[in-house]
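Architecture and fold: a report
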Amino acid sequence: MLDSKIPSGPIEQKWNNRKFEGKLVNPANRRKHTVIVVGTGLAGASAAATLGEQGYRVKVFTFHESPRRAHSIAAQGGINAAKNYQNDGDSVYRLFYDTIKGGDFRAREANVYRLAEVSVNIIDQCVAQGVPFAREYGGTLTNRSFGGTQVSRTFYAKGQTGQQLLLGAYSSLMRQAGQKAIEIFPRQEMVDVIVVDGKARGIIARNLVTGELTAHTADAVILATGGYGNVFFLSTNAKQSNASACWRAYKRGAYFANPCFTQIHPTCVPVSGDYQSKLTLMSESLRNDGRVWVPLKAGEKRGPNEIPESERDYFLERMYPAFGNLVPRDIASRAAKRMCDENRGVGPTGLSVYMDFRDAIQRLGSATIAEKYGNLFAMYEKITDENPYQVPMRIFPAVHYTMGGLWVDYNLMSSIPGLFVAGEANFSDHGANRLGASALMQGLADGYFVIPYSIANYIGGTSLAPVKNNHEAALGSLAESKARIDALMKAKGGQSVDQLHRKLGKVMWEFCGMARNEAGLKGAISSIQKLKDEFANDVRIPGDEHLNSELEKANRVSDFLELGELMCLDALERKESCGGHFREEMQTPEGEALRDDKNFSHVAAWEFTGKTPKLHKEPLTFENVHLAQRSYK
Amino acid sequence: MMKCKSFLTSSVGQKFLVAITGLGLSGFVLAHMLGNLLMFVGADAYNLYGHKLTSTPLIYVAEVGLIAFFLTHLGLTLKLTRENRTARPLTPEQLPSNPVKKASFASRSMALSGLMVFTFVILHLVTFKFGTYYETEVDGVKMRDLYRLVAEWFQKEWYAGFYLVCMVILFTHLSHGFSAAFQSLGLQSVHNRNIKRLGWAFAVIVGGGFFIQPLYMYLWGAP
Amino acid sequence: MKLHLKIWRQKGPKETGAFKDYTVDNASEHMSFLEMLDFLNTSLVQKGEEAVQFDHDCREGICGSCSLMINGNPHGPETGTATCQLHMRKFNDGDTIVIEPFRAKAFPILRDLCVDRTAFDRIMAAGGFCSINTGNAPEANSILIGKETAEKAMDSAACIGCGACVAACKNASAMLFVSAKVSQMALLPQGDPERGKRVRGMVAQMDQEMFGSCSNTGACEAACPKEIKLENIARLNREMLRATFVE
């Protein structure tokens, strides 16, 4: 049923074999084919630019006013690559191994190996674009360490690595736009996929300025629309990041895989009040020099600088001596939660732990610390009005990334032929937990190096009859989209979209967040069902269809409600703990995640049926790494 | 050639010309100020300097050059200012707000101070260059008695006062213009500390030099 | 906190706009400026009034979506801060706050406080890149770049393209934005082969978009949330000269 189309051969040969076996499209024929790319983050911009360079006609859609605003821009810490420039034992195989292990053995081996393999090309490509990575005095590239690894393989540009990589991809995109190879449609949001004879043949886009709906047809569609962390309302995602493109594709037949795999990032600025609109990440790179601690005594009332060394519990260093403060994110988050559950949390709400730079400042001087993390410290101070050079930062876990996403095969094609999914939007490479600095790597690997081969293979090997934008499937999708918008505009209730969204977020955080259990998830599902009715009856969207943020939000939140329910269902179904998915019923005596490889070593791919979604299982087989209980002790 | 043309039609190229001509004119005002300091030596020295300056045929070349610089500087800045005003629609109502992130007064009012300096220069030429022709004799050579004319004018309180105000405006214009030229020429940032100091020093020297002249003539210039 | 807001409301690009007065009663000093606007919008929506439209996204000061002239200051009174990172603790109880869109001919107002900044994209398309096709890149360490050069390039590259420089400038000049990109590329060896072409193309497009010219006032630098330096503009001017007379 689910064919992952993994190429034959030993793992080191699979990608080469695929590249050689894949169909090609003659350069002169490429301009006859139109490819639609939705989203302009790292994956979307890099895919569009590369396809444009190769000669395809590319149409790029983004709901932002400019491709450069995509949320990849906010990634801080860095990008991994198996360059082994530090001569500390890194290799493609080690990056592959670390990623599989970090993902708690719930990712496909072949995909992850390919990711590690092309990681080295990404760095070359970005440097050639003029990305100003940090360097040594001698002029070579430098690295830092990230969680879940014991080598230094993370490349970075101050605390703005995502920005610099995105601007690199964006510059390539704009170069193609300047040469008319790519047409960009800003402030246009995808609201449906056009499916003709079972194949994706275009999209319906809504112009957010005019409210107009238009059908655009193509030979292939690439979704690079990011993750769905905003289901939780409060997350480190940008305010407008949404799941609608993926959700509409799901409703047209694309399977949604592992929706319950969400990453809770340990180091975020804690929530300070009810008005809060989003959470801000403090880069994982800070854990290189920041030591995480809580007071030994429960209910401690003293300020952090008054607590003597002997009464501090550096709990990550204590529990995981081998990796210390640099354990993977899921582990660090859960440990912080446990401390707060023991009433040892700090700050006005008791829901935070300290990340202290005192020792690093003593060792290296505040100038060095400022050079490394100056912008992060400044950001922290702006938000909290506290100076982290003098007082330890207060941090708490927050929703950050979603490992789940649309199911794709090895070629990144979803279960709808012709519909490709790249970057965070797909489920493919991170299993149940993503390692730090791997999201940027995956986005660019998909966009620069995988999608172009997959598109050629698909277009070269498929007969695609021309489809005009007045095709009945296009008109049907158009009418459905219009009906949806009309229905939203008609509701004349008393609550704003944000109010309803916050309610959903609370349910999700409480019952489908850092720890989950059967009763909670069942309750959450029925709460969400009630919330859906409440939304349909009581939402209020004043104004018209022309540039109306309330309408945009309503359109997205109605999808989040449905997706939230699926996430809970998936979490309920997966009766094991793995990575970011922690079922309280399934844990080791020390409180670590306890996997059940016998019953759950599979990808859970959900099919939309109109009623209860249907579950398909893609078994995961591990031929190269040995399945083991993850240990970072 | 094409490159040169596209450079000169670009905003950057035009600002380049404004800077070059501005620096040229700065050089002129400095020389003019220094020459005028001879009035402190005495009437004869001042008149002799004026005579020597105007009796060489090179003066016509210099004057043509000066006029060309002046008109280029004026014409281009007028054109650019007009374009800049269309580029920036203003807030329709005056509102009670007090911006803190703003540029210096001098830099924001260059067009206005420039126009004032221009008006002054015209009046200045009418008053002195094309003013009453008194004659005097120094070492047996007949020449214009410009000193007398200058002294006459600066004896009038209102004129001396007007002149002083104009010199303050010239100072304002130079205090931004001189250092800004270095930025337009791509040499240094206008915010470079040394350039800023140089710009201020230049404005103080030129503005100050011109400022003390009417004061001196008012107090001690009476025949 | 109680706040009096004067907010620019405008239906569309061709319609005329006007200021409208609003009062926010229970703002918290820990709210960010945009959260204060969210709070206002929620109360408007509950009353069935149209929400104030403003651009925003990451709310971490990096995407460059947020804009707003706050009491005549692009991104508000705090230096080196984007509107989304501005907090209400910087204001006083009872303050009147004037909120306008960024105003420039090249940034037409779409609705209320949202403006169209795609002119920046077109400038980028005219040369803000290194022409390198995917797969064509040499080994990353084959070209050495000194640490200080790389850091200088990074300082220029930190621009978020928000347009505060344009809004701050009395000429609505885009020179700080353009020069930041030109500088980044001019400082790095990767940008060298297209140096002249790049600066000529970007400046020509900037002029065509009807941005004003630079009169070196430095208002842009004062307003820039990423504190991009004026020396970039000097470098752009130099690059332009080089492109004309040396190359």
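Structure first, text after, so check above.
A brief structural summary.

1. Description of the overall build of chain A
- Scanning chain A for helices and strands turns up 17 helices and 19 strands.
- Computed over the C-alpha atoms, the radius of gyration of chain A is 24 Å, within 12% of the 26 Å expected from 2.2 N^0.38 for a compact globule of 633 residues.
- Across its three principal directions, the C-alpha atoms of chain A cover 75 × 60 × 50 Å.
- In chain A, buried positions account for 67% of the 633 residues.

2. A word on the interface of chain A and chain C
- Facing the 78 residues of chain A at the interface are 77 residues of chain C.
- When chain A packs against chain C, close to 6400 Å² is buried across both sides, 51% of that on carbon and sulfur atoms.
- Looking only at chain A, the three residues that lose the most surface to chain C are Arg69(A), Tyr275(A) and Lys382(A), adding up to 11% of its buried area.
- For the interface between chain A and chain C, the tally reads eight salt bridges.
- The salt bridge partner of Lys158(A) is Asp155(C), with a shortest N-O separation of 3.3 Å.
- Counting across the interface, chain A meets chain C through 44 residue pairs in polar contact (both at pLDDT 80 or more).
- Taken together, the elements giving at least two residues each to the side of chain A that touches chain C come down to helix H3 (42-54), helix H5 (109-128), helix H6 (161-178), helix H11 (366-384), helix H12 (439-460) and helix H16 (549-573) of chain A.
- It is H6(A) that contributes the most residues to the side of chain A that touches chain C, eight residues altogether.

3. Remarks on the sheet that holds strand S19 (residues 614-619) of chain A
Residues and elements named next belong to chain A.
- In space, the four strands of this open sheet follow the order S16-S10-S18-S19, with antiparallel pairing throughout. Of all strands in the sheet, those with a lone pairing partner are strand S16 (405-406) and S19, marking the two edges.
- Taken together, the two bridges between strand S10 (residues 256-257) and S16 define a ladder with antiparallel strand orientation. Along S16, the bridge assignment pairs Ala 257 with Gly 405.

4. What about the pairing of strand S2 (residues 141-144) of chain B?
Residues and elements named next belong to chain B.
- Strand direction decides the pairing type here: strand S1 (residues 135-138) and S2, joined by four bridges, are antiparallel. By the bridge assignment, Glu 135 is partnered in S2 with Arg 144.
- Between S1 and S2, which pair antiparallel and follow one another directly, the connecting turn spans two residues, one of which, Asp 139, has a positive phi of 50 degrees.

5. Thoughts on the sheet that holds strand S11 (residues 262-268) of chain A
Residues and elements named next belong to chain A.
- With antiparallel pairing, five strands are arranged side by side in an open sheet as S11-S15-S14-S12-S13. Edge positions in the open sheet fall to S11 and strand S13 (312-313), since each of these has one partner strand only.
- For strand S14 (residues 353-356) and strand S15 (residues 393-402), the ladder comprises three bridges, and the chain directions are antiparallel. Paired with Tyr 354 across the two strands is Arg 394, which belongs to S15.

6. Focus on the packing of aromatic side chains
- Enumeration over the complete set of coordinates arrives at 49 aromatic pairs over all chains.
- By way of ring pairs, the aromatic residues Phe120(B), Phe128(B), Trp153(B), Phe154(B), Trp158(B), Tyr159(B), Phe162(B) and Tyr163(B) are connected into one cluster.
- When the ring centre of Tyr401(A) is taken as origin, the NZ or CZ atom of Arg434(A), which lies over that ring, is 4.1 Å away.
- Directly above the ring of Tyr134(B) sits Arg148(B), whose terminal nitrogen or CZ lies 3.6 Å from the centroid.

7. Concerning helix H14 (residues 497-512) of chain A
- Helix length check: H14(A) (16 residues) gives 21 Å between terminal C-alpha atoms against 22 Å at 1.5 Å per residue, within 8%.
- Within H14(A) the residues assigned to the buried category are Val497(A), Asp498(A), Leu500(A), His501(A), Leu504(A), Gly505(A), Val507(A), Met508(A) and Cys512(A).

8. Notes on the arrangement of the chains
- Summarising the chain contacts, two pairs of chains touch, and the pair with the most contacts is chains A and C.
- A gap remains between chain A and chain B, which never touch, and the nearest two C-alpha atoms on either side lie 18 Å apart.

The rules behind each value
- Residues numbered from 1 in each chain as written.
- Chains lettered and ligands numbered in written order.
- Predicted model: local features only at pLDDT ≥ 70, side-chain atom pairs only at ≥ 80, totals over all residues.
- Heavy atoms only, no water.
- Helix = DSSP H or I, 4+ residues; strand = E, 2+ residues; numbered from the N terminus.
- Rg over C-alpha atoms; globule rule 2.2 N^0.38 Å.
- Buried < 20%, exposed > 50% of the residue type's maximum accessible area, 1.4 Å probe, protein only.
- Contact = heavy atoms within 4.5 Å.
- Buried area = accessible area lost by both parts, 1.4 Å probe.
- Salt bridge = Lys/Arg side-chain N within 4 Å of Asp/Glu carboxyl O.
- Polar contact = N/O pair within 3.5 Å; in protein donor to acceptor, adjacent residues only side chain to side chain.
- Pairing = 2+ DSSP bridges.
- Phe/Tyr/Trp six-rings, centres within 6.5 Å; stacked < 30°, edge-to-face > 60°.
- Lys NZ or Arg CZ within 6 Å of the ring centre and 35° of its normal.
- Expected span 1.5 Å × (residues − 1).

No statement about biological role is implied by the geometric values presented.
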